[in-house]
Amino acid sequence: MEKFILALDQGTTSSRALLFDKAGNIRSVAQKEFQQIFPKPGWVEHDPSEIWSSQVSVAAEAMSKIGINGTYVSGIGITNQRETTIVWDRRTGDPIYNAIVWQDRRTSGYCDELKERGMAQKIREKTGLVIDAYFSGTKIKWILDNVDGAREKARRGELAFGTVDSWLVWKLTQGRTHITDVTNASRTMLYNIKTLEWDKEMLELMDIPKSMLPQVKSSSEIYDHTNTTFFASKVPIAGIAGDQQAALFGQMCVEEGMSKNTYGTGCFMLLNTGEKPFISKNNLVTTIAWQINGRTTYALEGSIFIGGAVVQWLRDGLGIIKSSSEVESLAAQVEDSGDLFFVPTFTGMGAPYWDQYARGLMVGISRGTTRAHIARAALEGIAYQTMDVLKVMEKDTGMKVKELRVDGGASANNLLMQFQADILNTRVVRPKVIETTALGAAYLAGLATGFWTDLEDVKKQWQLDKHFEPQMEEEQTLERKEKWADAVQRAKSWTK
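Being a predicted model, the structure only gives us computed values, none of them experimental.

A.B. asks: Is there a simple way to explain the overall build of the chain in this structure?
C.D. replies: Tallying secondary structure elements over the chain gives 16 helices and 23 strands in all. For the chain, the C-alpha radius of gyration of 22 Å lies close to 23 Å, the compact-globule estimate for 496 residues. In the chain, which comprises 496 residues, the share counted as buried stands at 62%. A fraction of 73% describes how many contacts in the chain between residues 6 or more apart in sequence connect residues 24 or more apart. A total accessible area of about 18800 Å² is found for the chain, and carbon and sulfur atoms account for 47% of it. Here the chain carries 58 positive and 61 negative side-chain charges, and the mean point of each set is 2 Å from the other.

Here is the structure:
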């Protein structure tokens, strides 16, 4: 009987499971949203047990939809929301605190202290990252500092830290395996991306015992087999990559100079820079794209904290749409945004500004402004933020990005994609399979288990769905870019 690769795609707002066949087609998919916890302004948490239960339930649902069990799964690939931090008790397996989500800003003050101590350059050189509350290291420190008895337990070797991939592997193997892969390790602010090991100086700086940390593995190898009653047989866990690196791989941006942007909860643009880490001079981060067969590939990344999440806010916060899919038809009711600009920086600004005190802003509201204008300005705000990242990426590398490959939920929005091509003055290309995050994880697992023979085997599977060519007059784009830049300045440092 036919076999499949199971991709576990553990995202910020939902857990998903997808089954891929040998041709790279999705044969089954299941998804479940889970609770977002906001204890204080700027704080975002998840319940780790709910992450696990939602992930395992969608895996069961995806398999039952096509009538298979674990016997027909050749391997499991995991891709995950990065930087989200879980600390648990090694003996009981219970988390000692909720997962602190990548969007969380509670450690902003400590990040300011690190900057004031002159640590920015050293941290950038070793980890490739800027100092920001976004990354995992400061979140681990916060848990150790604020949960009763946590630091003492950590010093005794009783606690384990992991990003979501580590947590899922721990649960799938019933505590037998505590690992992460190089892509997730490179997002912690604790991992040296040049020496490819946990950095002693970074651990001492944040007072984090090394005993808490997972063993770092490559992105494509058989790490272990499942050890739960959930699967009918022991299934190899064989691929791991943080969601954005997985999307870069799923888009087959495997050559130096290729780039993609994922439109998920946030937006994440990555540019493959080959086998050398490229340190940005313009506030982008250097990250590990993947490691396969002992070869490490690096990428330059611009992270935008609020992308598709602005559409969720239009739905849940403002109530001007009933479902996210309605936003395109609502925005299409007007020809343009009516000079309304929406800077959706609800949780601070990511690349290239890195202003943790910025907040969301709508400017240019008049009596004629309607909910359709707000919807259109919200979509345009996603595209403008992407433009800001692409401009500095080109400046850093001296490369002209001729084509931007796009994926993620919001890339299905034709109005947004056309505006993106217009404002970038660059061709925007959407593949047939926009679930490239899950596809990348599946490819990594399938290559490790022999489900796919080699990279050439999977390269052939990438297929074009639609491309968008720039259509807007240059004068129009220049005027809009200037107004956008003005709006961004007004949103900065709001809460400082």
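A.B. asks: Honestly, the side chain of R106 in this entry has me stumped. Any pointers?
C.D. replies: By secondary structure assignment, the location of R106 is in the loop between strand 7 (99-100) and helix 2 (108-116). Within polar-contact distance, the side chain of R106 engages the side chain of Y97 at 3.0 Å. Once residues within four sequence positions are removed from consideration, R106 is found in contact with G42, W43, V44, E45, Y97, I100 and W142.

A.B. asks: Honestly, the pairing of strand 18 (residues 295-304) in this entry has me stumped. Any pointers?
C.D. replies: Taken residue by residue, a regular strand's side chains alternate between the two faces of the sheet. Within strand 18, 9 of the 10 residues are buried, which leaves it mostly tucked inside the rest of the structure. Pairing analysis gives 7 bridges linking strand 16 (residues 267-274) to strand 18, with the strands arranged antiparallel. Paired with C267 across the strands is I304, a residue of strand 18. Where strand 17 (residues 285-292) and strand 18 come together, 7 bridges link them in antiparallel fashion. By the bridge assignment for strand 18, I288 is matched with Y298. If you look at the hairpin formed by strand 17 and strand 18, you'll find 2 residues sitting between the two strands, and N293 has a positive phi there, around 50°.

A.B. asks: How should I be thinking about the sheet that holds strand 3 (residues 26-33) in this particular structure?
C.D. replies: Strand pairing in a sheet is mediated by backbone hydrogen bonds. Such pairs are either parallel or antiparallel. With mixed pairing, the 6 strands of this open sheet are ordered in space as 3-2-1-5-14-13. In this open sheet, the two edge strands, each paired with only one partner strand, are strand 3 and strand 13 (220-225). Here the average twist between neighbouring strands, direction ignored, is 25°. The pairing of strand 1 (residues 4-10) with strand 5 (residues 73-80) spans 7 bridges and is parallel. Bridge pairing in strand 5 links L8 to I78. Strands in contact with helix 1 (residues 48-65) are strand 1, strand 2 (14-20), strand 3 and strand 5; relative to strand 2, the strand with the most contacts, it is inclined by about 30°. On top of the sheet, helix 6 (residues 164-172) reaches strand 1, strand 5 and strand 14 (236-242); it is set at about 145° to strand 5, its chief contact.

A.B. asks: When you look at the pattern of salt bridges in this model, what are you seeing that I'm missing?
C.D. replies: Between side chains of opposite charge, a pair can form when the charged atoms approach closely. Counted under the stated rule, the structure contains 37 salt bridges. Linking R105 and D132 is a salt bridge whose minimum nitrogen-to-oxygen distance equals 3.0 Å. Here the residue R105 occupies a position in the loop between strand 7 and helix 2, and D132 occupies one in the loop between helix 3 (120-127) and helix 4 (136-146), the gap between them amounting to 27 residues. With its nearest N and O atoms 2.9 Å apart, the salt bridge here joins R427 to E469. With R427 in strand 22 (residues 427-431) and E469 in the loop between strand 23 (464-468) and helix 16 (474-491), the pair connects residues that are 42 residues apart, well separated along the chain. We classify E469 as partly exposed; its relative accessible area is 33%.

A.B. asks: Is there a simple way to think about the side chain of D9 in this case?
C.D. replies: The residue D9 is located in strand 1 in this model. Residue classification places D9 among the buried residues on the basis of a relative accessible area of 10%. Excluding residues that lie within four positions of it along the chain, D9 makes contacts with S14, S15, R16, L18, Q55, T79, T437 and A438.

A.B. asks: I keep staring at the sheet that holds strand 18 and nothing clicks. Help me out?
C.D. replies: The strand order 17-18-16-15-21-22-23 describes an open sheet built from 7 strands, whose pairing is mixed. A single partner strand is all that each edge strand has here, and the edge strands are strand 17 and strand 23. Mean inter-strand twist for the sheet, computed between neighbouring axes without regard to direction, equals 30°.

A.B. asks: Which parts of the structure should I look at to understand helix 13 (residues 414-424)?
C.D. replies: An α-helix turns once per 3.6 residues; consequently, residues spaced three or four apart project the same way. A large share of helix 13 lies buried, amounting to 10 of its 11 residues. Of all the positions in helix 13, only L415, L416, M417, Q418, F419, Q420, A421, D422, I423 and L424 are classed as buried. A side-chain oxygen of the first residue of helix 13 lies 3.1 Å from the backbone nitrogen of L415; this N-cap is N413.

A.B. asks: Help me understand the pairing of strand 15 (residues 259-263), please; the structure alone is not making it clear to me.
C.D. replies: Judged by how many residues are buried, strand 15 sits mostly within the fold: 5 of 5 residues are covered. Counted along the chain from strand 15 to the antiparallel partner strand 16, the turn is 3 residues long.

A.B. asks: How should the packing of aromatic side chains be read in this particular structure?
C.D. replies: Aromatic ring pairs are defined here through the distance separating the ring centres and the angle between the ring planes. The full count for this structure, using the stated rule, is 22 aromatic pairs. Seen in terms of ring centroids, W313 and F342 are 5.9 Å apart; in terms of plane orientation they differ by 80°. Their pairing is edge-to-face. In this pair, W313 is assigned in helix 10 (residues 309-318) and F342 in strand 19 (residues 341-343), connecting sequence segments 29 residues apart. Assessed through its relative accessible area of 2%, F342 is described here as buried. Taken together, the ring pairs connect W102, Y134, F135, F268, F305 and W354 into an aromatic cluster. Sitting above the plane of the W462 ring, R405 keeps its charged end 3.9 Å from the centroid.

Each value, and the rule that gives it
Residues numbered from 1 in each chain as written. Predicted model: local features only at pLDDT ≥ 70, side-chain atom pairs only at ≥ 80, totals over all residues. Heavy atoms only, no water. Helix = DSSP H or I, 4+ residues; strand = E, 2+ residues; numbered from the N terminus. Rg over C-alpha atoms; globule rule 2.2 N^0.38 Å. Buried < 20%, exposed > 50% of the residue type's maximum accessible area, 1.4 Å probe, protein only. Contact = heavy atoms within 4.5 Å. Areas by Shrake-Rupley, 256 points an atom, 1.4 Å probe, with all protein chains shown as cover. Lys, Arg positive; Asp, Glu negative; His and termini not counted. Charge placed at Lys NZ, Arg CZ, Asp CG, Glu CD. Polar contact = N/O pair within 3.5 Å; in protein donor to acceptor, adjacent residues only side chain to side chain. Pairing = 2+ DSSP bridges. Axes fitted to C-alpha atoms, helices over the stretch in contact; angles between N-to-C directions. Salt bridge = Lys/Arg side-chain N within 4 Å of Asp/Glu carboxyl O. Phe/Tyr/Trp six-rings, centres within 6.5 Å; stacked < 30°, edge-to-face > 60°. Lys NZ or Arg CZ within 6 Å of the ring centre and 35° of its normal.

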